Amino acid sequence: MTDDILISARDLTVGYQIGKGIFNKTILNAVNGVSLDIERGSFFGLVGESGSGKTTLGRALLKAAPITGGHARYTDGEVDYDLATLDGPALKDYRKRAQLIFQDPYAALSPRMTVRDIIAEPLEVMGLTKGRAETDERVREIAAKCRLNLEHLRRFPHAFSGGQRQRISIARALVAGPQFIVADESVAALDVSIQADVLNLLKQLQADLGLTFLFISHDLSVVAHTCDHVAVMYLGRLVETAPTRKLFAAPRHPYTKALFSAIPSLDPDDRGSAQKLTGEIPSPLNQPPGCKFHTRCPNAIDRCRSEEPSLENTGDGHSVSCHRWRELLEAVPA
């Protein structure tokens, strides 16, 4: 693991036992064999359909979901943690270094606490400040960075709009001074104009505080605007990863191409050109053999139905999990 990698995962698996009893144990692998590296100071995007395992992967990297296979490491120059075995005091310390921004700011904030108390709670629970004066100073500092009106710290969450509530959630996540942030659909519940404001705030905070983000989203236009690197997830597996510009310029996996073709276009000639995927994403409990996407892929052949492809590095920072990506790339007209 090089010095510029903050989070590294190899063959990471997250499984849950379904059913009870000795003879009725079924394991659901919500994340299955994921390998990725997140560079320090980067804005790493994770996209895919609902049910693909994005949120579970993010929570596993926060040690908030059980890692049942493979390895994941967090290394920031001060500590080196194996997230699969992390517990006790080391886990408590990791909570200061890695935080989550929730999707729904309405559900994430206690209606019985003032904004000041909401932001201050991590400091008090983790014992990061020595007294109320120091806590208040830290709360005011991070609230100002998150563009919150300091006069509103005594108000309750119901008095604020959705964008303001999300800024409160961001301030609470950042008040402990973390280095790694998982933003799980953190702008999905907001209006488009408010989304842009919050995304610009996250990018500004990344630059000012040197933060590393795992940005989970289903909105590809948001990912294109925000992220440096993107990973595409399908049925608990990564099917393609690449720097954002390379991925959007030349997607190589049929699933990625289908996602990109569904992005709305203002060009009348492009309307109706979206690639339609037939069928639903298979159940994690009843996954098809071979390539997991072959049941919906228009380019599937017999090999796809029997042999599962590995995530292949193409040598240019681009990795893809598809048996036919080379011939499909060559078949694209110049």
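Before reading further, recall that the structure is shown in the block above.
The residue numbering used here restarts from 1 in each chain and proceeds along that chain's sequence as written. With pLDDT at 70 or above as the cut-off, local features in this predicted model cover only qualifying residues; side-chain atom pairs require 80 or more to be listed or tallied, and sums for whole chains, interfaces and linings still use all residues. The basis for the side-chain values is all heavy atoms of the structure; hydrogens and waters are excluded.

*Asks:* Quick question: what am I supposed to make of the packing of helix α4 (residues 115-126) against helix α6 (residues 162-174) here?
*Replies:* Geometrically, a packed helix pair is captured by the angle between its two axes and the distance between the axes. In this analysis, axes come from line fits to C-alpha atoms, helices being fitted only over the stretch in contact, and the angle between any two N-to-C directions falls in the range 0 to 180 degrees. Put simply, DSSP marks the helices as runs of H or I at least four residues long and the strands as runs of E at least two long, and each gets a number from the N terminus on. Following both chains from N to C, one finds α4 and α6 inclined at 30 degrees, their axes separated by 7 Å at the closest point. With respect to α6, the axis of α4 lies roughly parallel. As for how α4 packs across α6, the hand of that crossing is right-handed. Across the interface between the two elements, Val-115, Ile-118, Ile-119 and Pro-122 of α4 pack against Ile-168, Ala-171 and Arg-172 of α6. Note that Gly is not counted as nonpolar here; it falls among the polar residues with everything else outside the nonpolar set of Ala, Val, Leu, Ile, Met, Phe, Trp, Tyr, Cys and Pro and the charged set of Asp, Glu, Lys and Arg. Residues belonging to the contact of α4 with α6 are distributed by class as follows: 6 nonpolar, no polar and 1 charged. For this classification, under 35 degrees means roughly parallel, over 145 means roughly antiparallel, 65 to 115 means roughly perpendicular, and everything else is oblique. Note on convention: the crossing is left-handed when the near helix lies turned anticlockwise from the far helix by less than a right angle, right-handed when the turn is clockwise. In what follows, a contact means two residues having at least one pair of non-hydrogen atoms within 4.5 Å.

*Asks:* Would you explain the packing of α6 against helix α7 (residues 192-209) in this entry?
*Replies:* Where α6 meets α7, the closest approach of the two axes is 10 Å, and the angle between their N-to-C directions is 20 degrees. It follows from the interaxial angle that α6 and α7 lie roughly parallel. Here the hand of the crossing between α6 and α7 comes out right-handed. Listed contacts from α7 to Gly-163, Gln-166, Arg-167, Ile-170 and Leu-174 of α6 are Ile-194, Asp-197, Val-198, Leu-201, Leu-202, Leu-205 and Leu-209. Grouping the amino acids of the contact of α6 with α7 by side-chain chemistry returns 8 nonpolar, 2 polar and 2 charged.

*Asks:* I'm lost on the environment of Gly-58 in this one. Help?
*Replies:* The residue Gly-58 is located in helix α1 (residues 54-61) in this model. Judged by its relative accessible area of 1%, Gly-58 is buried. Here the alpha-carbon distance between Gly-58 and Phe-215, two residues 157 residues apart in the chain, equals 8.9 Å. Apart from residues no more than four positions distant in its own chain, Gly-58 is found in contact with Val-182, Leu-214 and Ile-216. Only protein chains enter the accessibility calculation, which uses a 1.4 Å probe; a residue is then buried when its area is under 20% of its type maximum, exposed when over 50%, and partly exposed in between.

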